[in-house]
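# Report on the structure
Each chain, written out:
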Amino acid sequence: MVNQNLVHTLSLMMIFTSFAAVEARNLRHATIAYLCQALLICGILAAYSVQNFALIYWAATALVTKAILIPWFLWRSTEGAEQETRPIIGFGISAVLLIVGLSIMFKLTHTHASLFINVKGGMAKLLATNLAVAFTVFALGLYAILTRRDAIKTVIGLCLLENGVHLSLVSLAPTIKETALAGIATEVVVTVYLLLYIIGGIREKFQSTDTFKLSELHW
Amino acid sequence: MSREVESVIPALVTILPAAAGVLILCLGRWLGWVREALALAGALAALAFSVIVAVSAFGGETLTSFGSQIYADSLSALLVVLVSSIGLLATIYSLRYMRHQVHEGGLPHTTSEGRLTAYYGWLMLFVSTMLWACLSNNIIMLYVAVEASTIASGLLVAFYWDKRALEAGYKYLMLLTVGITFALFGCVLVYAAGAAALGGHKGLLLSELKTVAGGFPVTTVVLASAFLIVGFGTKAGIAPFHPWLPDAHAEAPTPVSALLSGVMLKVAIYALVRTVSLFFADFSPVAMFLLGLGVFTLIIGDLMALAQDDLKRMLAYSSVSQVGYVLMGFGIGTQLGIFAGLFHLVNHAIAKALLFLAAGAVIYSTGARTLSQLGGLAKKMPVTAFCFFVGAFAVSGLPPFNGFQSKLALFVAGAYANDWWAVILGIAASLVTLVVLVKAARTIFWGKLSEAASATNVREAPASVCAAMVILAALCLAIGVYPRLVYSPLKAASAVVQTTKTHNPQVLAVNIDARNGNR
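Residues numbered from 1 in each chain as written. Chains lettered and ligands numbered in written order. Predicted model: local features only at pLDDT ≥ 70, side-chain atom pairs only at ≥ 80, totals over all residues.

### Section: the overall build of chain A
Regarding its fold elements, chain A presents seven helices and zero strands. Each helix and strand of chain A, placed in order from N terminus to C terminus, yields the pattern α-α-α-α-α-α-α. Compactness check: chain A gives a C-alpha radius of gyration of 18 Å against a globular reference of 17 Å for 219 residues, within 12% of the reference. Buried residues in chain A amount to 45% of all 219 residues. Of the contacts made within chain A by residues no fewer than 6 positions apart, 73% connect residues no fewer than 24 positions apart. (Helix = DSSP H or I, 4+ residues; strand = E, 2+ residues; numbered from the N terminus. Rg over C-alpha atoms; globule rule 2.2 N^0.38 Å. Buried ≥ 20, exposed ≤ 12 C-beta atoms within 10 Å, placed from the backbone. Contact = placed C-beta atoms within 7 Å.)

Right, here's the structure in full:
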């Protein structure tokens, strides 16, 4: 039986780590926040593995890809440029916007989770929480991509987006096969690597990772 | 009802080009010209096995591999033949074209030979992942394959490694990955609902999901459809999710542009239709929404194409517009509409690949890529001029070219379904396409020789470049003059997309009971 209290706690903590990853102006601090979130998701996967042992492999893969490789790639990319390019929305307004918006989002999805998920019994409450967290983390990732000017910060946003979906996947489909999980787990890390490789080229050619300076191609 | 036969052949369709790609990437520096030969062999093998798969599928036998994880029904067979054919032509075209291009720049920290190794390696992986997406019967692996095709093509888009290519590469990878993450969310919701009705791993298989999708809760259908449309729609270049498309298609090396526009968009449309069409039979607003989105896309694409001076960007926007027509066919939702949508999908793949290859030949010979720099090239490049005009007429829908036949089918399907508004807007947009493409063709090939075209070294493109174009031009004409050539495979493929309620009544009843009990 899945330890519901543990998963509940780990899941809710993902919102705080996402918030920290989005709002930290120092890219290395944001990377550490992301690393913490990766460890949380590994914990959730391990907790669910009592239901489907295959998830332990995903937990191990997530540990290598999300908690080791991606933070390492991000760390290397931020060498000598730790401070994020000033975002579109300042810290104060952004924090208020996020707290209000995410509270509404969490409440709405938590209350109405049963509308689109056909689950009854003891797991329903945990599932509702996980789904609400998944949507909230997903929304936070999207917010980071839309409002952050620094290309590396948008990659962190993308990682959050993926984590939100992965949480929904493990919650809604805990009996899923290993092959599908292996595919999902590995391609995130390859995408992040390629994006950071291209961002390295952008830094070299544009002398900046500010996405506003990417204006060679107009509509 | 077709018979399912377990076979290794569908798996080989995707494994062989992938193996060629991996070999090239690992051993490329020692291979020399063998690298190109290996790429050609990989592309050729993919086409050969695709044809075998297609012959079986259209003969009523569905080949499957790995316990139905790979599933080659008529729809998949049609797509794999299309992808592998254009893949092979793009590889042939690359032989001379890329040798010329790598000397002008490309991926950093490597020599021209190293760039060629990376190019052919990733090209083969790109083709392989698209083929995998077309054959995947597992809804989560479908997402994985579509995303893998983005990853495999990311470095190809940024290949020239200048400011423009890097910007295009960043936008391409970022926007498509964000988009496709939405699709994963949609796939997870569909799987969760399907697993509740089917139990266990069967909920992953698209062939099983279609038997129970009619019993999904409406909220799941709405949410999953929205996520799938945004996700796969972004990759397909559907407006308003298309901003990455003109940048990527214009900045990638031309054979890659031909693959992106010719087949990658179609693979994304295929993924969209495979998943969203699960709901067509029982939730008709889903198809209606696709119709609206399709018409919106075809208008936006054409209007944007009108304003372009860069030849490849203009063609890219024209692709946005033609994707709109394909979507319009699926959105009409009737069997005839789906037939017409698939027909246009095939025709546009051929004609747009031809236009991109012809544009590449112009760039190869003149070094110029904007319309204002070009003029009077017909005398110096008659084969390219002929092929470009054929492509332009085909995409615009003029007889006797293939685009005419599929657009006619689309408008007839729309009229039968009483979607007159869509038909009228479609015809109007088609006229705009004609103006855009014929004006471009006239500017490039007729009139006074421009400065870029008058240089003494400007001459017809090499034989391998011309060969790929001539084959595609011949196909445009052959299908246009004798459309029955493709009717039978198209009919079989369109029958796979469900438009009527044919669900397994027992499973559906169980699921509906479960739903009611939950309320």
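Okay, back to it.
### Here's the deal with the overall build of chain B
Broken down by element type, chain B carries 19 helices and three strands. Taken against the 2.2 N^0.38 rule, which gives 24 Å for 519 residues, the C-alpha radius of gyration of chain B at 22 Å falls within 12% of a compact globule. On the principal axes, the C-alpha backbone points of chain B span a range of 80 × 55 × 40 Å. Expressed as a percentage of its 519 residues, the buried residues of chain B come to 66%.

### Description of the interface of chain B and chain A
On the chain A side, the residues contacting the 45 residues of chain B number 37 residues. Secondary-structure elements contributing two or more residues to the side of chain B that touches chain A are helix H5 (139-157), helix H6 (163-198), helix H8 (218-236) and helix H19 (505-518) of chain B. The dominant element in the side of chain B that touches chain A, judged by the number of residues it contributes, is H6 of chain B, at 21 residues. Here the side of chain B that touches chain A is built from residues that sort into 29 nonpolar, 10 polar and six charged. (Nonpolar A, V, L, I, M, F, W, Y, C, P; charged D, E, K, R; others polar.)

### A word on the environment of Tyr-193 of chain A
All names here are of chain A. Counting through the fold element by element, Tyr-193 comes out in helix H7 (residues 178-206). On the neighbour-count criterion, Tyr-193 (15 C-beta atoms within 10 Å) is partly exposed. Separated by 133 residues in sequence, Tyr-193 and Ala-60 have C-alpha atoms that sit 19 Å apart.

### Side note on the confidence of the model for chain A
Averaged over every residue, the pLDDT of chain A is 87; the share at 70 or more is 95%. Here helix H4 (residues 91-116) of chain A stands out as the element of chain A with the lowest mean pLDDT, 83, in contrast to helix H2 (residues 27-48) of chain A, whose mean of 93 is the highest. (pLDDT = per-residue confidence, 0-100.)

### Notes on H5 of chain B
For H5 of chain B, with 19 residues, the first-to-last C-alpha span of 27 Å sits near the 27 Å given by 1.5 Å per residue. Within H5 of chain B, 19 of the 19 residues are buried, which leaves it mostly tucked inside the rest of the structure. (Expected span 1.5 Å × (residues − 1).)

### Examining the domain arrangement of chain B
How big an interface is tends to be expressed through the accessible area that disappears when the partners come together. All names here are of chain B. Entries for chain B in the domain assignment read domain 1 (1-137) and domain 2 (138-518). On a C-alpha basis, the centroid separation for the pair domain 1 and domain 2 is 20 Å. On the side of domain 2, 51 residues touch domain 1, which itself brings 41 residues to the contact. Elements that contribute at least two residues to the side of domain 1 that touches domain 2 include exactly helix H3 (74-101) and helix H4 (112-135). The element best represented in the side of domain 1 that touches domain 2 is H3, accounting for 19 residues. (Domains from an automatic or database assignment.)

### Describing the packing of helix H13 (residues 335-366) of chain B against helix H15 (residues 402-416) of chain B
All names here are of chain B. Running from amino to carboxyl end, H13 crosses H15 at an angle of 160°, the nearest separation of the two axes being 8 Å. When the axes of H13 and H15 are compared, the pair comes out roughly antiparallel. Relative to H15, the crossing made by H13 is left-handed. Between H13 and H15, the contacting residues are Leu-336, Gly-337, Phe-339, Ala-340, Phe-343, His-344, Asn-347, Ile-350 and Ala-351 on the first element and Asn-402, Gly-403, Gln-405, Ser-406, Lys-407, Ala-409, Leu-410, Ala-413 and Tyr-416 on the second. Classifying every residue of the contact of H13 with H15 gives 10 nonpolar, seven polar and one charged. (Axes fitted to C-alpha atoms, helices over the stretch in contact; angles between N-to-C directions. Parallel < 35°, antiparallel > 145°, perpendicular 65-115°, else oblique. Left-handed = near helix turned anticlockwise from the far one by under 90°.)

### Re the packing of helix H2 (residues 34-58) of chain B against H4 of chain B
Residues and elements named next belong to chain B. Look at H2 against H4: their axes get within 10 Å of each other, and the N-to-C directions meet at 10°. Here H4 runs roughly parallel to H2, going by the angle between their axes. For the pair H2 and H4, contact is made by Arg-35, Glu-36, Ala-39, Gly-42, Ala-43 and Ala-46 and by Leu-116, Thr-117, Tyr-120, Leu-123, Met-124, Val-127 and Leu-131, respectively. Each residue belonging to the contact of H2 with H4 can be placed in one class, and the counts come to nine nonpolar, two polar and two charged.

### Regarding the pairing of strand S2 (residues 61-65) of chain B
Residues and elements named next belong to chain B. Among the five residues in S2, four count as buried, and that is most of the element. When strand S1 (residues 3-6) meets S2, the two strands line up parallel, connected through four bridges. Each bridged residue has a counterpart across the sheet, and for Glu-6 the counterpart in S2 is Thr-64. Connecting S2 to the next strand, strand S3 (residues 70-72), in antiparallel fashion are four residues, including Phe-66 with a positive phi near 50°. (Pairing = 2+ DSSP bridges.)

### Quick look at the confidence of the model for chain B
Detailed conclusions should not be drawn from predicted coordinates in areas where pLDDT is low. Residue and element names in this part refer to chain B. When pLDDT is averaged across chain B, the result is 89; 95% of the residues are at 70 or more. Confidence drops under pLDDT 50 across residues 502-519; counting only partners more than four residues distant or on other chains, this segment forms 24 contacts. Predicted complex, confidence summary: ipTM 0.93, pTM 0.92.

### Points about the sheet that holds S3 of chain B
Residue and element names in this part refer to chain B. Pairing in this open sheet of three strands is mixed, and the strands run S1-S2-S3 from one edge to the other. Two strands bound the open sheet, and with one partner strand each, they are S1 and S3. Neighbour-to-neighbour, the strand axes of this sheet turn through a mean angle of 25°, independent of strand direction. Here helix H1 (residues 9-31) sits on the sheet in contact with S2 and S3, set at roughly 60° to S2.

### Considerations on the environment of Arg-313 of chain B
All names here are of chain B. Position of Arg-313 among the secondary structure elements: in helix H12 (residues 311-332). Arg-313 sits in the buried class, given 24 other C-beta atoms within 10 Å. Each C-alpha atom, one on Arg-313 and one on His-100, is 22 Å from the other, the two residues being 213 residues apart in sequence. If near-sequence neighbours (up to four positions away) are discounted, Arg-313 is found in contact with Pro-246, Ala-250 and Gln-308.

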